[in-house]
Amino acid sequence: MSAKKLSYRISNFFAALRVGFFLAVRQVRRSSLWMNILVIAIMTLTFLNLVVVSGVLVGLIQGAVRAVQEHYIGEIFITNLKDKPYIERSTNIISFAESLPSVRVVAPRYVEGGVAQSNYKKAKKSGELREEAGTLISGIDPIAEDEATGLSSLLIEGSYLEPDDFDQVLVGALLLRQYLEFDSAAFPALEDVGVGSKIRVTVAGNTREVIVKGIIKSKVDELDRRIFFPEKQFRSMIGRNDFNVDEIAIRLEPETDQVAIKNAFLAQGFGDYARIQTQTEAEPKFLQDIKKTFNLLGSMISSIGVFVAAITIFIIFFINAITRRKFIGILKGIGINPLAIECAYVLQALFYVFFGTLIGSVIVFGFLEPYISAHPINFPFSDGILVVPLGSTILRIAILLVVTLVAGFLPAKIITRQNTVDAILNR
Amino acid sequence: MIKAEQIIKSFKSGDTRVTILRGISFEVRKGEFVSIIGRSGSGKTTLLYQLGLLDRPTSGKIFIDSFDVTSLTEQERTAMRLSEFGYVFQDYALVPELSAIENVMAPLLMQGMSRHEAKTKAVQALHRVGLPSRVNNLPNQLSGGEQQRVSIARAIAHNPKILFADEPTANLDHETSLAILDAFHELHRAGQTIVMVTHELDYAEQTDRIVTLFDGQVTEDKRLTTNN
């Protein structure tokens, strides 16, 4: 190609871009206001469909994860090694944790398997089984626990434990029939138990008749199927005089590097006596699996959303191009380069996708995300939040942009490729 | 200036082939004002589209200034339409979202002119066709006559070698038609080559030459005035 021809082509290309912009601006500015609103509304809804549907899906699980982290494991979660009955050298570990400046609060827990019984004073008919439920029973420092996990905020009935309470317990709602939304042999529950009721708790061979002081409900199964004693009484019930505990939930100051804290524990050799995990490592495996599954589902739904968006946008621009076929023919007829016409459509598409995603982003980040975060969606097993990470949202915007540009370009290309006279005569 | 040799144009309509132009040959000289007349369906507009490179003939050749343009690529034909030709369509064919002046400016911008230069030329062209005011109005705010003037201004703004007009007075009342015709005569007097399709014999008789088509063939080629 000669230099002259190349220079002509380049100048023609830029002239086409300029005319494309000239046409696009006027087509948008002078087309019907309602048409513009409609197209931008469709783009906004398409954006919301891409971001919110998968965001809620992931947020459904993220809500459950957040609840587990917030109300159960904290930022660092220490448990016993598999071959040990409890965390050895617990007092050393707790003292070390409390000495770290970035540690906000330490909540040690004693945990033992036990059995709870209700209505045990009623005469049973022959063959009738006792009302009892096997469960985990925890001994907690009510003040530290509340500071660490906000346990008192999970009370739905009654009142919270005091450190010196005796024969008084908190009961998880999933142990009580009236709060169990299903009836299954796998989930034995106590009948007619409420605040003030007496239940019998057997742990480590000791049986105590205790009063239900409060009922907690959290959507964290580990808590909702537990009974909580103040640690003093519980320690004596299980005969744990060495102060070795079974779980330690540690809350850190905001922005603290969890891995660094974990490494600090390991550097002290505590890894030989306990399993030390960061928040992410301590997430229950089923939640991690569901999270991966829902991420995949979210991506699949988003892909379908992108596909539907592409078709919708294509139809909008195709109808627009078809109805303007005659004028596209005339523009070609008077010598306007088809590239300028295609460019005009692509720029219009760009305009609509820009404002659609802008409004969509304002709705998501300015309203939906903070609102749902403050008022989570009440799903049966989690308080669902809206998860919209900036990175993946930008990726989705980029995908939507590319899809829109292609969907805006193709109809214009189809029309500009038609015979000029056929387009002018609308035949 | 423009020469057609044995132009044949046929379309496929269903299973049959319809021939519109049957071997038309004729020549338009520089500065000539030629009108093509004929009954409806005689092939006038089809011939104009072939001459104006809007369509490709099935066979035959077209020469512009002795240069064979029949085998030009679509891109080259578009470029030639932009720089060498001007078109006035029957129904004005203005882009509805562009104001009068913007309609005239669009092809000028495509030629690479600056916005200022294009605007100046557009204003001049609109003055030449007698539409100095209402240049910022949209087509739907203009009368039929005014729209056709804008269309003519768009066609002549870049000083084309040949101006093609397809029944430019078809949708206008008599008075407006005469005014439009006057605009053509004014351009012609300034040296513009014009090829106009019309079904009005009265208007055709005011041009230099009348080419009569019947059933896709030239049946008469009558020169009314001498043209050098």
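Here is what the cut-offs are and how they apply
Residues numbered from 1 in each chain as written. Chains lettered and ligands numbered in written order. Predicted model: local features only at pLDDT ≥ 70, side-chain atom pairs only at ≥ 80, totals over all residues. Heavy atoms only, no water. Helix = DSSP H or I, 4+ residues; strand = E, 2+ residues; numbered from the N terminus. Rg over C-alpha atoms; globule rule 2.2 N^0.38 Å. Buried < 20%, exposed > 50% of the residue type's maximum accessible area, 1.4 Å probe, protein only. Contact = heavy atoms within 4.5 Å. Areas by Shrake-Rupley, 256 points an atom, 1.4 Å probe, with all protein chains shown as cover. Lys, Arg positive; Asp, Glu negative; His and termini not counted. Charge placed at Lys NZ, Arg CZ, Asp CG, Glu CD. UniProt positions renumbered as here; feature names shortened; annotations may be inferred. 1 Å grid on protein atoms, 1.4 Å probe; cavity = no way out; pocket = protein on both sides within 12 Å on 5 of 7 lines; lining within 4 Å. Points joined across faces, edges and corners; volume = space filled by probe spheres on them. Nonpolar A, V, L, I, M, F, W, Y, C, P; charged D, E, K, R; others polar. Expected span 1.5 Å × (residues − 1). Phe/Tyr/Trp six-rings, centres within 6.5 Å; stacked < 30°, edge-to-face > 60°. Buried area = accessible area lost by both parts, 1.4 Å probe. Salt bridge = Lys/Arg side-chain N within 4 Å of Asp/Glu carboxyl O. Polar contact = N/O pair within 3.5 Å; in protein donor to acceptor, adjacent residues only side chain to side chain. Patch = residues over 30% accessible without salt bridge, like charges linked within 9 Å, V, L, I, M, F, W, Y side chains within 5 Å.

Quick word on the overall build of chain B
Helix and strand counts for chain B come out as seven helices and 10 strands. Over its C-alpha trace chain B gives a radius of gyration of 17 Å, about what one expects of a compact globule, namely 17 Å for 228 residues. With the C-alpha coordinates of chain B rotated into their principal frame, the extents come out at 45 × 40 × 40 Å. Looking at chain B as a whole, 57% of its 228 residues are labelled buried. Contacts in chain B between residues at least 24 apart in sequence constitute 68% of all its contacts with a sequence separation of at least 6. Split by element, the accessible area of chain B, about 9,700 Å² in all, is 46% carbon and sulfur. Averaged over its 25 positive side-chain charges, chain B has a centre that lies 4 Å from the centre of its 28 negative ones.

Structural notes on the UniProt feature "domain: ABC3 transporter permease C-terminal" (unreviewed entry) in chain A
As annotated by UniProt and renumbered to match this structure, "domain: ABC3 transporter permease C-terminal" (unreviewed entry) occupies residues 300-419 of chain A. Between the end C-alpha atoms of residues 300-419 of chain A there is a gap of 40 Å, over a span that is 81% helix and 3% strand.

A short note on empty space enclosed by the protein
One pass over the full model with this rule turns up one cavity of 30 Å³ or more. Considering only enclosed or pocket space, the largest cavity measures out at about 40 Å³ in volume. As for the largest cavity, its lining consists of Ile334(A), Phe85(B), Gly86(B), Tyr87(B), Pro107(B), Arg154(B), Ala155(B) and His158(B). Broken down by element, the residue count for the lining of the largest cavity peaks at three residues, all from strand S6 (residues 85-88) of chain B. Of the residues contributing to the lining of the largest cavity, the split by class is five nonpolar, two polar and one charged.

Here we look at helix H1 (residues 3-30) of chain A
Its 28 residues give H1(A) an end-to-end C-alpha distance of 40 Å, which sits within 8% of 40 Å, the value for a rise of 1.5 Å per residue. Looking at H1(A), one finds that the buried residues are Asn12(A), Ala15(A), Ala16(A), Val19(A), Gly20(A), Phe22(A), Leu23(A), Ala24(A), Arg26(A), Gln27(A) and Val28(A). Next to the buried residues of H1(A) lie helix H2 (33-73), helix H10 (325-333) and helix H11 (338-374) of chain A together with helix H3 (100-110) and helix H4 (115-128) of chain B.

Here's the deal with the packing of aromatic side chains
Residue and element names in this part refer to chain A. Throughout the structure, instances matching the rule amount to 17 aromatic pairs over all chains. Ring plane angle 55° and centroid distance 6.3 Å describe the contact between Phe-265 and Phe-270, whose orientation is recorded as tilted. You'll find Phe-265 and Phe-270 in the same group, each marked buried. Centroid distance Phe-354 to Phe-355: 5.1 Å. Interplanar angle 85°. Geometry classified as edge-to-face. For Phe-355, a relative accessible area of 30% gives the class partly exposed. Put simply, the rings of Phe-317, Phe-351, Tyr-352, Phe-354 and Phe-355 pair up and form one aromatic cluster.

What about the interface of chain A and chain B?
Listed per partner, the contact involves 32 residues of chain A and 32 residues of chain B. Taking both partners together, chain A and chain B bury about 2,600 Å²; carbon and sulfur atoms supply 62% of that area. Our enumeration of links across chain A and chain B arrives at four salt bridges. As a salt-bridge pair, Arg324(A) and Glu97(B) come within 2.5 Å of each other at their nearest N and O atoms. Counting across the interface, chain A meets chain B through nine residue pairs in polar contact (both at pLDDT 80 or more). When residues of the side of chain A that touches chain B are traced back to their parent elements, those giving at least two are H1, H10, H11 and helix H13 (420-424) of chain A. Ranked by residue count, the leading element in the side of chain A that touches chain B is H1(A), at 13 residues. Across the side of chain A that touches chain B, the residue classes break down as 16 nonpolar, seven polar and nine charged.

Focus: unusual backbone geometry
All names here are of chain A. Phi at Asp-167 takes a positive value of approximately 55°, unusual for a residue other than glycine. The residue Asp-167 is located in the loop between strand S4 (155-158) and strand S5 (168-172) in this model. Exposure remark for Asp-167: the relative accessible area of 16% places this residue in the buried category. Positive phi values are uncommon outside glycine, yet Lys-219 reaches one of about 70°. As for its position among the elements, Lys-219 is in the loop between strand S7 (206-216) and helix H5 (221-224).

Digging into the UniProt feature "transmembrane region" (unreviewed entry) in chain A
All names here are of chain A. Mapped onto this structure's residue numbering, the UniProt feature "transmembrane region" (unreviewed entry) falls at residues 37-61, 296-322, 343-368 and 388-410. In this annotation, residues 37-61 is assigned 100% helix and 0% strand; the end-to-end C-alpha distance for the span is 35 Å. The span residues 388-410 shows a helical share of 91% and a strand share of 0%, and its end C-alpha atoms are spaced 31 Å apart.

A few points about a positive patch on the surface
Taken together, the side chains of Arg18(A), Arg29(A), Arg115(B) and Lys119(B) make up a positively charged region of the molecular surface. When residues of the positive patch are traced back to their parent elements, those giving at least two are H1 of chain A together with H4 of chain B. Using a relative accessible area of 53% as the deciding quantity, one classes Arg29(A) as exposed.

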